[in-house]
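Residues per chain, in single letters:
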Amino acid sequence: YNDNCEDKDSITRKWACGQDRSGKWKKYYGRGAKQLSYNFNYGQFSQAMFGDGRILLDNPDFVADTWLNMASATWFYATPQPPKPSMLHVIDGTWVPNQEDWRNGIKPGFGATINIINGGLECNTKDGRESNQAKNRIEYYKQFAWYLYVDVEDEELGCAGQQQF
């Protein structure tokens, strides 16, 4: 989760990776309750929490070892990252797909939240079937919905046919 650190695109420059004492790139693998990953997420979260993106880019372990563990999950859930909406807005129904979203097969429902979390790895599968990761998320979601008496019968649960946001 640091293989983009030498890229020259605007996002990598804005949220530049930190380096350890030997000059090696810090690693931005999944930490925290929602498994915050990638330098651009660490940088944006750090900016939101501290007004300074460098703090967590230089100290990514803080996300695992402090109150930031749960805060990172809440931040990711509630914060849109254009063109992706927030997961909160998908779940509460305030997000409405635009024409491009519809063309890309992205519809309201739990499948859109999978796309927000990990669309590049779990959605738009070559064989048109749900990835194993997406299947696991769907099963957990259905179990929680059952416990909470939430009807998901007509909901778009998967993302196999969705392009990335």
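Report on the accompanying structure. Since the structure is predicted, the reported quantities are computational estimates derived from the model, not experimental observations. (Residues numbered from 1 in each chain as written. Predicted model: local features only at pLDDT ≥ 70, side-chain atom pairs only at ≥ 80, totals over all residues. Heavy atoms only, no water.)

**Re the overall build of the protein**
Helix and strand counts for the protein stand at nine helices and zero strands. Walking the protein from its N terminus toward its C terminus, one meets helices and strands in the order α-α-α-α-α-α-α-α-α. Computed over its C-alpha atoms, the radius of gyration of the protein comes to 17 Å, within 12% of the 15 Å expected for a compact globule of 165 residues. For the protein, with 165 residues in total, the buried portion stands at 39%. Residue pairs in contact within the protein that sit at least 24 positions apart in sequence constitute 54% of those at least 6 positions apart. Averaging the locations of the 18 positively and 21 negatively charged side chains of the protein gives two centres separated by 7 Å. (Helix = DSSP H or I, 4+ residues; strand = E, 2+ residues; numbered from the N terminus. Rg over C-alpha atoms; globule rule 2.2 N^0.38 Å. Buried < 20%, exposed > 50% of the residue type's maximum accessible area, 1.4 Å probe, protein only. Contact = heavy atoms within 4.5 Å. Lys, Arg positive; Asp, Glu negative; His and termini not counted. Charge placed at Lys NZ, Arg CZ, Asp CG, Glu CD.)

**Here we look at a negative patch on the surface**
Negative charge collects at one region of the surface, where Asp3, Glu6, Asp7 and Asp9 lie side by side. For aspartate 7, the position within the fold is in the segment before α1 (10-14). (Patch = residues over 30% accessible without salt bridge, like charges linked within 9 Å, V, L, I, M, F, W, Y side chains within 5 Å. Areas by Shrake-Rupley, 256 points an atom, 1.4 Å probe, with all protein chains shown as cover. Salt bridge = Lys/Arg side-chain N within 4 Å of Asp/Glu carboxyl O.)

**With respect to the state of the cysteines**
Evaluation of the coordinates by the stated rule reveals two disulfides. Here cysteine 5 is linked by a disulfide to cysteine 17, with a sulfur-sulfur distance of 2.0 Å. Taking the torsion about the sulfur-sulfur bond, which here is approximately -85°, the covalent link between cysteine 5 and cysteine 17 counts as left-handed. Of the two residues, cysteine 5 sits in the segment before α1 while cysteine 17 sits in the loop between α1 and α2 (39-50), which places them 12 residues apart along the sequence. Assessed through its relative accessible area of 7%, cysteine 5 is described here as buried. The disulfide partner of cysteine 123 is cysteine 159, and the gap between their sulfur atoms is 2.1 Å. Here the S-S torsion is close to -90°, and the disulfide linking cysteine 123 with cysteine 159 is therefore left-handed. Of this pair, cysteine 123 sits in the loop between α8 (110-122) and α9 (132-147) while cysteine 159 sits in the segment after α9, and the two are 36 residues apart along the sequence. (Disulfide = S-S within 2.5 Å.)

**Focus: the nonpolar core**
Within the largest apolar cluster, 21 residues are counted, with the highest numbers of intra-cluster contacts made by Leu36, Tyr42 and Phe45. Secondary structure elements with two or more residues in this core: α2, α3 (54-58), α5 (68-78), α6 (87-92) and α8. At four residues, α5 tops the list of elements feeding residues into this core. Setting aside residues no more than four positions away along its own chain, phenylalanine 45 makes contact with Leu36, Leu56, Val63, Leu68, Ala71, Ser72 and Trp75. (Core = buried A, V, L, I, M, F, W, Y, C linked by side-chain atoms within 4.5 Å.)

**Overview of the pattern of salt bridges**
Inspection of every chain in the model, using the stated rule, returns six salt bridges. Across the pair aspartate 61 and arginine 31 runs a salt bridge whose closest N-O atoms are separated by 3.0 Å. Here arginine 31 lies in the loop between α1 and α2 and aspartate 61 lies in the loop between α3 and α4 (62-65), a separation of 30 residues in the sequence. Residue class for aspartate 61 comes out partly exposed when judged on its relative accessible area of 40%. Residue arginine 31 is classed as buried on the basis of its relative accessible area, which comes to 6%. Between arginine 54 and aspartate 58 there is a salt bridge, and its shortest N-O distance comes to 2.7 Å. On the criterion of helical spacing, the pair formed by arginine 54 and aspartate 58 is a turn pair, its members being four residues apart in helix α3. Overall, arginine 54 belongs to the partly exposed group, its relative accessible area being 31%. Aspartate 58 gets classed as partly exposed once you look at its relative accessible area, which sits at 30%.

That is the geometry; function is a separate question.
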